Amino acid sequence: MSSSETAARIIKPSRRGLALAAVLGMAALAGGCFQPLYSEYTASTVGGSVKGALRSIEFAELKGLIGHYLRNELVFEFDGGNEPDAQKTLKFDSALAESVEVVTVDYANGRADSAVLVATATWKVTRISTGEVVSSGTNSVREPYERSSQRFATVRAARDAQIRAAKNLAGLIRGQISADLTS
């Protein structure tokens, strides 16, 4: 091994170490810039904080079982605290659609063994005063459930799938609205 190869080996690790130190230093500096989404100090595009903006959304009644559970989940997730009600300056509107897809069929008796509930919510959040749309979107979830030869067991399994779909839709909608309201 020549002296130039030895010098190259000594320099390479120090360059790697310097690069690693630079990356870690930049990460440490950027780490102080983190702002939690649901903090009182995260600014909103509609004024105030994102948390305050979420509490100012009015939720109208939605039709159907999924609509009922979706509205209840959204009200709880957006305004479920112990604080007094905020003044409502935004309005949430939604149209829901659901369908059932048969996944497997028992060919001996010609009945479906399992199914998937597909629930889709097309929604928008508007300012009550001006009608300006501040957030909108379409979210879809798929909830599988088992079908039984017992009629009431199948009905209950389908209802449970609708409730799960509403909860999952509420979580997706909350995340998207929160992101859209962040300035």
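Here, every reference points to the structure presented above.
About the criteria used
- Residues numbered from 1 in each chain as written.
- Predicted model: local features only at pLDDT ≥ 70, side-chain atom pairs only at ≥ 80, totals over all residues.
- Heavy atoms only, no water.
- Helix = DSSP H or I, 4+ residues; strand = E, 2+ residues; numbered from the N terminus.
- Buried < 20%, exposed > 50% of the residue type's maximum accessible area, 1.4 Å probe, protein only.
- Contact = heavy atoms within 4.5 Å.
- Areas by Shrake-Rupley, 256 points an atom, 1.4 Å probe, with all protein chains shown as cover.
- Phe/Tyr/Trp six-rings, centres within 6.5 Å; stacked < 30°, edge-to-face > 60°.

1. Quick word on the overall build of the chain
Turning to step 1, where the next piece is worked out: Broken down by element type, the chain carries 4 helices and 4 strands.
Turning to step 2, where the next piece is worked out: The secondary structure elements of the chain, listed N-terminal to C-terminal, are α-α-β-α-β-β-β-α.
Turning to step 3, where the next piece is worked out: For the chain, the residues scored as buried account for 28% of the 183 residues in total.
Turning to step 4, where the next piece is worked out: Sequence separation of 24 or more characterises 62% of the internal contacts of the chain that already satisfy a separation of 6 or more.
Turning to step 5, where the next piece is worked out: Element-wise, carbon and sulfur atoms account for 56% of the exposed surface of the chain, whose accessible area totals about 11500 Å².

2. Considerations on the packing of aromatic side chains
Turning to step 1, where the next piece is worked out: Scanning the entire structure with this criterion turns up 3 aromatic pairs.
Turning to step 2, where the next piece is worked out: Pairing Phe 59 with Phe 78 gives two aromatic rings, centres 5.3 Å apart and planes at 75 degrees, and the pair type is edge-to-face. Separated by 19 residues along the polypeptide, Phe 59 in strand β1 (residues 57–59) and Phe 78 in helix α3 (residues 64–79) bring together distant segments of the chain.
Turning to step 3, where the next piece is worked out: Here Phe 78 falls in the buried class, since its relative accessible area comes to 4%.
Turning to step 4, where the next piece is worked out: Through successive ring pairs, a cluster of aromatic residues spans Phe 59, Phe 78, Phe 92 and Trp 123.

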